[in-house]
Amino acid sequence: MYPMKENKTPSPATGQRIALNGGDTFRFRCHPDISCYLACCHKVEIYLFPYDVLRLKNCLGMHSAEFIHTHCRIGEGSHPYFPSLMLNMAEQEDYPCPFLTREGCSVYPDRPSACRTYPLERGVEKCGRRGRLKTHYFLVRHPYCKGHDEEGTYTVKQWERDQKLLEYNLMNDLWAELDAFFATNPWEGEGAAGPRQQLAFMVCYDIDGFRDYASRHHLLDRYRIDRDRRRRIERDDAELLKFGFQWLPAVLGGRNTLTPT
Ligand code: SF4
Ligand code: SF4
């Protein structure tokens, strides 16, 4: 069991996690004059979700395959049937994040979900027969982080808006749905890194590779997609990723997430 909140502005002990609801308040403030400024951007384990990769590679002007090759390594997933992607720290003293500069985070508007959510952590679970997603937030504290001792309070909802988390949360929830499908082991006995899993990995993480694939195989012609959406998919990586999240359960699991033409 996680410790439950005891008052309206809880502050966790190091290593403790406190469950919070959307309207709950927590104390925290991070600013450039704080003594721990950027301490959290060294030697840190950061999981990258598909939308994180998409935002970062576009921010850096890189092809997604090049971004993965340069900055990522494979990690353990939330279940045995699909791996995760993790951000490599730079091979320098103190292992800084590769995007850290003297001035701070060089990818700040496109920083990963984990960075923008801290000091909160977010998880989702499926509830009920309809599989409605329920969001859980926890307030966490790292030993070096002084932001918990500063004057300043937020509700969870304010923090979501302040950190521009809503778009990330929406895309991460779609990803969580797809990952739940991967947890059913839909690889037809091919095992890890078989052709079907490699296809899924490309759709989720290598969005530029998937754009080439979709074009070569005329994927958009094979399904009923209205003209406006088709235009958005052709121009916008996030829209293509949403299409990919629907296409994989259809093509790998025969699910009716898309309607064939
Ligand atoms: S207050 Fe916490 S989040 Fe902000 S710079 Fe310090 S360690 Fe990082
Ligand atoms: S992406 Fe930015 S905020 Fe996140 S660890 Fe790297 S430098 Fe820090």
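As annotated in an unreviewed UniProt entry, the protein chain carries the name Lipoprotein and is attributed to Desulfolithobacter dissulfuricans.

Caption draft 1: The overall build of the protein chain, seen in detail. Counting its secondary structure elements, the protein chain contains nine helices and ten strands. Its C-alpha radius of gyration of 20 Å places the protein chain within 12% of the 18 Å reference for a compact globule of 261 residues. By principal-axis analysis of the C-alpha atoms, the protein chain measures approximately 60 × 45 × 40 Å. For the protein chain, the proportion of contacts with a sequence separation of at least 24, taken over those separated by at least 6, is 65%.

Caption draft 2: Layout of the sheet that holds strand β8 (residues 120-127). As summarised here, the arrangement of the three strands in space is β1-β9-β8, forming an open sheet in which the pairing is antiparallel. In the strand order of this sheet, the two ends are held by β1 (17-20) and β8, each with one partner. On average, each strand axis in the sheet is tilted by 35° relative to the strand beside it, whichever way the strands run. Relative to strand β9 (residues 132-140), β1 runs antiparallel, the two being bridged by four bridges. Counterpart to R17 in the pairing with β9 is V140.

Caption draft 3: Structural view of unusual backbone geometry. With omega at 15°, the peptide bond leading from Y118 into P119 counts as cis. In this structure, E188 takes a positive phi of about 50° despite not being glycine. Structurally, the position occupied by E188 is in the loop between α5 (166-182) and α6 (195-205). A residue is classified by how many C-beta atoms lie within 10 Å of it, and E188, with 10 of them, is exposed.

Caption draft 4: Region of the structure containing the environment of K242. Within the secondary structure, K242 is located in helix α9 (residues 237-253). Classification of K242 by C-beta neighbours within 10 Å gives partly exposed; the count is 18. Sequence separation between K242 and Y51 is 191 residues, and the spatial gap between their C-alpha atoms is 9.7 Å.

Caption draft 5: Broad picture of the site of ligand 1. Neighbouring ligand 1 are the residues C30, I34, C36, Y37, L38, A39, C40, Y118, Y144, C145, K146 and G147. Here the residues of the shell around ligand 1 are counted per class, giving ten nonpolar, one polar and one charged.

Caption draft 6: Main features of the nonpolar core. Core analysis: the biggest nonpolar cluster contains 29 residues, and Y51, V53, L240, L241 and L248 have the highest contact counts within it. Secondary-structure elements contributing two or more residues to this core are α1 (50-60), α2 (64-71), β5 (82-87), α5, α6, α7 (207-216) and α9. The dominant element in this core, judged by the number of residues it contributes, is α9, at six residues. Looking at this core, you find at least three residues from each of domain 1 (17-178) and domain 2 (190-253).

Caption draft 7: Layout of the sheet that holds strand β3 (residues 47-48). Strands sit in the order β3-β5-β4 across an open sheet of three strands; the sheet is antiparallel. Each of the sheet's edge strands pairs with one partner strand only, and the pair in question is β3 and β4 (72-79).

Caption draft 8: Molecular detail of the pairing of β9. Note that β8 and β9 share eight bridges and pair antiparallel. Residue pairing for β9: E121 is matched across the bridge by F138. Turn length for the β8-β9 hairpin, with the two strands adjacent in sequence and antiparallel, is four residues, and the turn residue G128 shows positive phi of about 70°.

Caption draft 9: Inspection of the pairing of β5 at higher detail. The pairing of β3 with β5 spans two bridges and is classified as antiparallel. For Y47, the partnering residue across the bridge sits in β5 and is M86. Bridging between β4 and β5 involves five bridges; their strand directions are antiparallel. If you follow G75 over to β5, its bridge partner there is S84.

Caption draft 10: Local environment of the environment of K57. With respect to the helices and strands, K57 occurs in helix α1. Sequence separation between K57 and D208 is 151 residues, and the spatial gap between their C-alpha atoms is 9.8 Å.

Caption draft 11: Quick peek at the domain arrangement of the protein chain. Assigned domains of the protein chain: these are domain 1 (17-178) and domain 2 (190-253). Here domain 1 and domain 2 have C-alpha centroids that lie 25 Å from each other. The set of elements that each furnish at least two residues to the side of domain 1 that touches domain 2 consists of α1, α2 and α5. With five residues, α1 is the largest single contributor of residues to the side of domain 1 that touches domain 2. Across the side of domain 1 that touches domain 2, the residue classes tally to eleven nonpolar, three polar and no charged.

Cut-offs applied
- Residues numbered from 1 in each chain as written.
- Chains lettered and ligands numbered in written order.
- Predicted model: local features only at pLDDT ≥ 70, side-chain atom pairs only at ≥ 80, totals over all residues.
- Helix = DSSP H or I, 4+ residues; strand = E, 2+ residues; numbered from the N terminus.
- Rg over C-alpha atoms; globule rule 2.2 N^0.38 Å.
- Contact = placed C-beta atoms within 7 Å.
- Pairing = 2+ DSSP bridges.
- Axes fitted to C-alpha atoms, helices over the stretch in contact; angles between N-to-C directions.
- Buried ≥ 20, exposed ≤ 12 C-beta atoms within 10 Å, placed from the backbone.
- Near = placed C-beta within 6 Å.
- Nonpolar A, V, L, I, M, F, W, Y, C, P; charged D, E, K, R; others polar.
- Core = buried A, V, L, I, M, F, W, Y, C linked by C-beta atoms within 7 Å.
- Domains from an automatic or database assignment.

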